[in-house]
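Descriptive analysis of the structure
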Amino acid sequence: KAGVTQTPRYLIKTRGQQVTLSCSPISGHRSVSWYQQTPGQGLQFLFEYFSETQRNKGNFPGRFSGRQFSNSRSEMNVSTLELGDSALYLCASSSLPGQGADSPLHFGNGTRLTVT
Amino acid sequence: QKEVEQNSGPLSVPEGAIASLNCTYSDRGSQSFFWYRQYSGKSPELIMSIYSNGDKEDGRFTAQLNKASQYVSLLIRDSQPSDSATYLCAVTERAGGSYIPTFGRGTSLIVHP
């Protein structure tokens, strides 16, 4: 079974631009969640989608948004990029909403975003 | 603000020794607890999960949970150089019909031959 696929692997953008990241979950998984990982803050929850509905949102500004399609693929968008948005963005899928007892997270390889 | 605290390390142990990784959390409502391993430049991978007080063993790994002390630990027996990685503790609470994880910043483990 193929794992979680994230594209692109690397991105370089300038301040003020916007960016869209893509995530394809493991086949059959309907939950997709997004995380930002930086050396200073660690791994932080952005939001989670299940069956095309946003279930939860982390403490990030409205510039960060996402959506999920009927095939469970998800996209994350960041508008008006700031230098502090430079990070590794990880997507994870699970069979049930969130990371519960029977539904561990499976992470993709991430998208490394650099904002200059 | 829910917090999950880990010693950043690095924790250095000789090959064959027991590595002990610790994690404390602030939210008493936390329900599930996970340990992820992350190699440099790679994504996290789940190695252990624990939900009730006590010990849970899986091969060389043992997770220990004490909800009263809000403390979860991971023991790695017979440590190998291939265990050298950053170990992330994740604590999950139920919210909005789902489970939301809060991650610690990770402990770097170095196993030297």
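Residues numbered from 1 in each chain as written. Chains lettered and ligands numbered in written order. Predicted model: local features only at pLDDT ≥ 70, side-chain atom pairs only at ≥ 80, totals over all residues. Heavy atoms only, no water.

Brief notes about the interface of chain A and chain B
Taken together, the contacts link 21 residues of chain A with 19 residues of chain B. Each partner contributes to the roughly 1,700 Å² buried at the junction of chain A and chain B, and carbon and sulfur atoms together form 51% of this total. Put simply, chain A and chain B have zero salt bridges between them. Put simply, chain A and chain B have three residue pairs in polar contact (both at pLDDT 80 or more) between them. No other element matches the four residues that strand 5 (residues 42-50) of chain A contributes to the side of chain A that touches chain B. (Contact = heavy atoms within 4.5 Å. Buried area = accessible area lost by both parts, 1.4 Å probe. Salt bridge = Lys/Arg side-chain N within 4 Å of Asp/Glu carboxyl O. Polar contact = N/O pair within 3.5 Å; in protein donor to acceptor, adjacent residues only side chain to side chain. Helix = DSSP H or I, 4+ residues; strand = E, 2+ residues; numbered from the N terminus.)

Regarding unusual backbone geometry
Looking along the chain, the bond that leaves Thr7 of chain A and enters Pro8 of chain A is cis, with omega of -10°. Here Pro8 of chain A shows up in the loop between strand 1 (5-7) and strand 2 (10-13). A cis geometry characterises the amide bond from Gly9 of chain B onward to Pro10 of chain B, with omega recorded as 10°. Examined against the element boundaries, Pro10 of chain B turns out to sit in the loop between strand 1 (4-6) and strand 2 (11-14). For Glu52 of chain A, which is not a glycine, the phi torsion comes out positive at approximately 70°. Along the chain, Glu52 of chain A falls in the loop between strand 5 and strand 6 (53-57).

A look at the nonpolar core
In terms of nonpolar packing, the biggest core is built from 23 residues, with Trp35, Val72, Leu74, Ile76 and Tyr87 of chain B touching the most fellow members. Elements with a minimum of two residues in this core: strand 3 (19-25), strand 4 (32-38), strand 5 (45-50), strand 7 (61-66), strand 8 (71-76), strand 9 (85-95) and strand 11 (107-112) of chain B. Ranked by size, the runner-up nonpolar core spans 21 residues in total, among them Ile26, Trp34, Leu46 and Phe64 of chain A. (Core = buried A, V, L, I, M, F, W, Y, C linked by side-chain atoms within 4.5 Å. Buried < 20%, exposed > 50% of the residue type's maximum accessible area, 1.4 Å probe, protein only.)

Topic: the side chain of Thr107 of chain B
Residue and element names in this part refer to chain B. You can see Thr107 is positioned in strand 11. For Thr107, a relative accessible area of 5% gives the class buried. Polar side-chain contacts of Thr107 include one of 2.4 Å to the backbone oxygen of Asn7. What Thr107 contacts, discounting residues up to four positions off in sequence, is Gln6, Asn7, Ser8, Leu11, Leu21, Ala85, Thr86 and Tyr87.

So yeah, pure geometry; function would need other evidence.
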